[in-house]
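Structure at a glance
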Amino acid sequence: GHGRLGSLRYGGMGRRLGLAWAGHENSDRLLGQRAAEVATRTQANLLSTSYYAAGAFRGYKGAGRRVLFQIHPSPVYLRRLYERFLKRGGLFEGLRNESEMTASEDEVERWEDEARLADRIIVSSQFTRRSVDGVRPTGASTFVVPYGVDGDLFQPGLNLNRSEERRVGKEG
């Protein structure tokens with residue numbers, strides 16, 4: 001689940017934001033709080049990814065939009081889907097160990113709040129869009145922005161000199 005990524009999230013970016021590692025249980029909350037503080041202070045829109053967006057959106061006092069990037073299908077949707085599969089038994093018993101199934105009710109409520117509090121939602125697939133449809137606010141717009149690159153639009157064979165290639169990350 002997302003908790004194992006907490007230590008990666010708190011690498012360089014966490015240090016730059018002045019955050020200390022507080023364990024998986026608190027990392028999402030702390031990152032969300034800090035994002036809300038920065039966006040409020042700078043009067044910027046707040047873009048937050050799922051898993052820490054609820055705290056960020058609740059703490060945001062700016063006049064801009066709250067934009068959720070739903071990284072994976074809604075955990076609430078997945079939990080309901082897994083529950084249906086578990087009724088079948090057999091091969092599906094392993095689903096009981098998924099983070100969506102072992103999460104506390106408070107965590108599930110926080111996941112639902114992410115979509116409810118968002119003014120806009122960005123997802124990467126139609127499946128993920130359908131997964132947030134049941135919990136998003138009626139007025140929130142959902143945009144599907146697929147992962148990947150359109151080869152007709154993005155052609156990295158620009159005539160850059162060596163220092164420019166390093167600057168844009170084309171070369172190590």
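Bear in mind the structure is a predicted one, so any value in this text is a computation, not a measurement. (Residues numbered from 1 in each chain as written. Predicted model: local features only at pLDDT ≥ 70, side-chain atom pairs only at ≥ 80, totals over all residues. Heavy atoms only, no water.)

Observations regarding helix 5 (residues 75–86)
Put simply, the rule is: Helix numbers and strand numbers start at the N terminus; a helix is a DSSP run of H or I with at least 4 residues, a strand a run of E with at least 2. Residue count minus one, scaled by 1.5 Å, sets the expected span of a helix. When accessible area is computed with a 1.4 Å probe and restricted to protein chains, residues below 20% of their type maximum are described as buried, those above 50% as exposed, and intermediate ones as partly exposed. When checking whether two residues touch, look at their non-hydrogen atoms; a contact exists if any pair is within 4.5 Å.
If you check helix 5, its first and last C-alpha atoms are 16 Å apart, about what twelve residues at 1.5 Å a residue would give, namely 16 Å. For helix 5, every residue scored as buried is listed here: P75, V76, L78, R79, L81, Y82 and L86. Those residues of helix 5 hidden inside the fold are in contact with helix 6 (99–102) and helix 7 (105–117).

What about the pattern of salt bridges?
Spelled out, the test is: Put simply, a salt bridge is a Lys or Arg side-chain nitrogen that is within 4 Å of an Asp or Glu carboxyl oxygen.
Counted according to the given criterion, the structure contains eight salt bridges. In this structure, R79 and E105 form a salt bridge, with 3.2 Å as the shortest nitrogen-oxygen distance. Of this pair, R79 sits in helix 5 while E105 sits in helix 7, placing them 26 residues apart in sequence. With a shortest N-O distance of 2.7 Å, E93 and R96 are connected by a salt bridge. A residue is classified by how much of its surface remains accessible, and E93, at 33% relative accessible area, is partly exposed. Exposure remark for R96: the relative accessible area of 46% places this residue in the partly exposed category.

Digging into the environment of Y51
Positionally, Y51 belongs in the loop between strand 1 (46–49) and helix 4 (53–59). Y51 sits 63 residues away from E114 along the chain, and the two C-alpha atoms are 7.9 Å apart.

With respect to the confidence of the model for the protein chain
The predicted structure's coordinates, where accompanied by low pLDDT, should not be read in detail. Formally: pLDDT is a per-residue confidence score from the predictor, ranging from 0 to 100.
When the pLDDT values of the protein chain are averaged, the result is 79; 74% of them are 70 or greater. Within the protein chain, the element-level pLDDT minimum falls on helix 1 (residues 6–9), averaging 40, and the maximum on strand 2 (residues 66–69), averaging 95.

A few points about the nonpolar core
What counts here: For our purposes a nonpolar core is just a set of buried Ala, Val, Leu, Ile, Met, Phe, Trp, Tyr and Cys residues, chained together by side-chain atoms within 4.5 Å.
In terms of nonpolar packing, the biggest core is built from 19 residues, with L46, F57, L68, W111 and I121 touching the most fellow members. Core analysis: the second largest hydrophobic core is formed by six residues, L78, L81, Y82 and L95 among them.

Quick notes on unusual backbone geometry
Excluding glycine, most residues fall at negative phi; most peptide bonds, likewise, are trans. The residue Q43 is not glycine, and still its phi comes out positive at about 55 degrees. Residue position: Q43 is located in the loop between helix 3 (24–42) and strand 1. What makes Q43 exposed here is its relative accessible area of 51%. One non-glycine residue, Y51, adopts positive backbone phi at about 90 degrees.

Remarks on the sheet that holds strand 3 (residues 120–123)
What counts, and what does not: If DSSP finds at least two bridges between two strands, the strands pair. For helices, the fitted line uses only the C-alpha atoms of the stretch in contact; every axis is such a line through C-alpha atoms, and the angle between N-to-C directions lies from 0 to 180 degrees.
Sheet architecture is open: four strands sit in the order 1-2-3-4, paired in parallel fashion. A single partner strand is all that each edge strand has here, and the edge strands are strand 1 and strand 4 (141–144). Ignoring which end each strand starts from, the neighbouring axes of this sheet average 20 degrees apart. Docked against the sheet, helix 8 (residues 126–133) engages strand 3 and strand 4, running at close to 165 degrees with respect to strand 4.

Focus: the environment of L68
Inspection of the secondary structure puts L68 in strand 2. The contacts of L68, once residues within four sequence positions are left out, are S48, T49, S50, A53, F57, E114, A115, A118, R120, I121 and I122.

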